[in-house]
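# Summary of structural features
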Amino acid sequence: MKNGTSHIQINIDVPLWPDGPVVVNQLNGTVLYTWVVMVVLVLVSYLVTRNLSSRTTLSRGQNLLEVLVTSLKNQIREVSQQDPGPYLPFVGTLFLFIAMSNLLAIIPGFQPPTASLSTTAALATCVFVAVPLFGIASQGIGNYLKQYIQPSVFILPFNIIGELSRTLALAVRLYGNMMSGAVIGMILLGFVPLFVPVVMQMFGLMTGIIQAYIFAVLAMVYIASASQTHHRPTARNQSSSVSRTAPDEPQHPTSHDSQSLTHEGDL
Amino acid sequence: MEINWTTFTAQIINFLILAWLLKRFLYGPIVRAMEDREKKIADQQDEVIFARQNAEQEAAEYRKRKEELDHTFEELFAKAGYEVEQWKEKHLQQAREEVDQARKEWYRSIERERNTFLHDLRQRAGQQVYSMTRRILTKLCQASLERQIIEAFAERLQQIHEGKRNEIVAAIRNSHDRLLIETAFSLTDEDARKIESIIHEYLTDEIEIDFKVVPELICGIEMKTAGFKIAWSVDETLEELEGEFSTALDAAISKGRE
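Only a predicted model underlies this, so the values are computations on that prediction, with no experimental measurement involved.

About the thresholds
- Residues numbered from 1 in each chain as written.
- Chains lettered and ligands numbered in written order.
- Predicted model: local features only at pLDDT ≥ 70, side-chain atom pairs only at ≥ 80, totals over all residues.
- Helix = DSSP H or I, 4+ residues; strand = E, 2+ residues; numbered from the N terminus.
- Buried ≥ 20, exposed ≤ 12 C-beta atoms within 10 Å, placed from the backbone.
- Contact = placed C-beta atoms within 7 Å.
- Pairing = 2+ DSSP bridges.
- Axes fitted to C-alpha atoms, helices over the stretch in contact; angles between N-to-C directions.
- Right-handed = clockwise from strand over helix to strand, strands pointing away.
- Nonpolar A, V, L, I, M, F, W, Y, C, P; charged D, E, K, R; others polar.
- pLDDT = per-residue confidence, 0-100.
- Left-handed = near helix turned anticlockwise from the far one by under 90°.
- Parallel < 35°, antiparallel > 145°, perpendicular 65-115°, else oblique.

## Quick notes on the overall build of chain B
Scanning chain B for helices and strands turns up five helices and four strands. Going residue by residue from the N terminus, the α and β elements of chain B occur as α-α-α-β-α-β-β-β-α. Here chain B, with 258 residues, has 16% of them falling under the buried criterion. Put simply, of all contacts in chain B between residues at least 6 apart along the chain, 76% involve residues at least 24 apart.

## A look at the overall build of chain A
Looking only at helices and strands, chain A has eight helices and zero strands in total. Ordering the α and β elements of chain A from the N terminus gives α-α-α-α-α-α-α-α. When burial is assessed residue by residue, chain A has 36% of its 267 residues classed as buried. Restricting the contact set of chain A to residue pairs at least 6 apart, pairs at least 24 apart contribute 66%.

## Points about the sheet that holds strand E1 (residues 179–183) of chain B
Residues and elements named next belong to chain B. Strand order in the open sheet made by the four strands is E2-E1-E3-E4, with mixed pairing throughout. Of all strands in the sheet, those bounded by a partner on one side alone are strand E2 (209–213) and strand E4 (228–232). When the angles between neighbouring strand axes are averaged without regard to direction, this sheet yields 15 degrees. Across five bridges, E1 lies against E2 in parallel orientation.

## Let's talk about the pairing of E2 of chain B
Among the five residues that make up E2 of chain B, zero are buried, leaving the element largely open to the surroundings. Once you follow E1 of chain B into helix H4 (residues 189–202) of chain B and on to E2 of chain B, the crossover reads as right-handed.

## What about the environment of Glu155 of chain B?
Summarising the element assignment, Glu155 of chain B is placed in helix H2 (residues 145–158). Separated by 77 residues in sequence, Glu155 of chain B and Trp232 of chain B place their C-alpha atoms 9.8 Å apart.

## Quick word on the interface of chain B and chain A
Taken residue by residue, the interface counts 27 residues in chain B and 34 residues in chain A. Across the side of chain B that touches chain A, the residue classes break down as 18 nonpolar, five polar and four charged.

## A word on the confidence of the model for chain A
Residues and elements named next belong to chain A. For chain A, mean pLDDT is 76; residues scoring 70 or higher make up 79% of the total. Element-level pLDDT for chain A is lowest in helix H8 (residues 253–266), with a mean of 36, against a maximum mean of 92 in helix H3 (residues 88–104). The low-confidence segment residues 1–8 (pLDDT under 50) makes seven contacts with residues lying over four places distant or belonging to another chain. Per-residue pLDDT stays below 50 along residues 230–267; that stretch engages in 39 contacts with residues further than four places along the chain or on separate chains.

## Re the packing of helix H4 (residues 117–146) of chain A against helix H5 (residues 156–191) of chain A
All names here are of chain A. It is the contact of H4 with H5, at a shortest axis distance of 8 Å, that shows an interaxial angle of 145 degrees. In terms of crossing hand, the pair formed by H4 and H5 is right-handed. Across the interface between the two elements, Leu117, Thr120, Ala121, Ala124, Thr125, Val127 and Phe128 of H4 pack against Thr167, Leu170, Ala171, Leu174 and Tyr175 of H5. A per-class count over the contact of H4 with H5 returns nine nonpolar, three polar and no charged.

## So, the packing of H3 of chain A against helix H1 (residues 5–141) of chain B
The interhelical angle for the contact between H3 of chain A and H1 of chain B, taken along N-to-C directions, is 105 degrees, at an axis separation of 9 Å. Between H3 of chain A and H1 of chain B, the angle falls in the class roughly perpendicular. Residues Leu88, Pro89, Phe90, Gly92, Thr93, Leu96 and Phe97 of chain A of H3 of chain A pack against Phe15, Leu18, Ala19, Leu22, Lys23 and Tyr27 of chain B of H1 of chain B. Each residue belonging to the contact of H3 of chain A with H1 of chain B can be placed in one class, and the counts come to 10 nonpolar, two polar and one charged.

This is the structure we're talking about:
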């Protein structure tokens, strides 16, 4: 809140030291808090994984990280019906970064980087780029590009629009949720400074985790839809535990995306 | 709500760095550790399965060996029982044979003692009969028993059938043996001459006669020559006496056995 109670604005993209040196004057809260999140994630990972045990007795930290990684792999496997190995670093990092950013928002003074449209746009752009990369790596550039003219070449503009719009949706959804949570917290802090903001913060924790989950799963759905066209019959033959797709789901990847986006709209 | 493109670019770079760092420090080590653990557990399960299979095989082998040992033990036990039975039968048979042998030996010994006793009895009885008869004859009719015996002998010579007598005489003449007269008692010269005269009278006078005292004859007289023997004695009487004693003795032994 910079301009009094009449106008509430949260913008962590504002440079922290505008009068600093050339590089430092560009440093804003988004990048700074992103670094904090990165340091926390990497430091915790390093501290736990430097003394890993392959025996059956585990440290608490290793146990926690193994549960986390296993859950991520299982989610990726359920969504993609493929080996989660290649997708784990990308999708897992999306989830962990967003989740950690949103969780750290409980700390007073910490502004989650995900409340910045620049961050969410950057993440959505990463997904936007990763989708064709994984798709091409999986089925070749020809097959991947052929998806855009299926079932007809007239669908091509709509497919391109779909790609762009879902990327935009990804970015705006996360930004809107996180920013709105922060704005609501600010407003309630002005009206009822006791207790209610605490409840809202706790509610924000849940919302943050859900948003991280949604972002990661949607990214995985996009990547899977781009990389599993040829594997679809095989995947359908498997006893799939994917509950996000209907049994009579069309085989076309774009339709798959639409189905996923429909659920996304529900969320 | 606007995008700071510098921040946008920095965040993309930050995200990529974070993804690489997490892959380096989180996903890679954690996944490797889990895979190592799964491999170890799988290896341990394989080892357990292998050890269990080995244990089952060894257990089966030991069961088989135990059955073989039990079978062998039963065979050995049966064989030992059979051998013991054989040994027992053999030694029982041997013991029975030894007992039978001892019993037979004992019976033979008893028989010998019995025969010896009967022989002694016969000898003693004969001697007593002879002595008593001799005294009775002397006291009652002033007769000599020896003389009566000689008379009885002469009577026997007389009673020899003519053909037999000629056969004896021919044999005496052909053999040129001396004729031997054995008596249980000593002959007086008169008795000796009487015997000579009897022999010369009833057989032949072409033979030399020798006399010999043989106490075992017991009240008897015998003539031996050229394979012929003519005798008179109380042997028959003594045999009857011995037979009666033997019968009585056997009856007493049988009663004692019962």
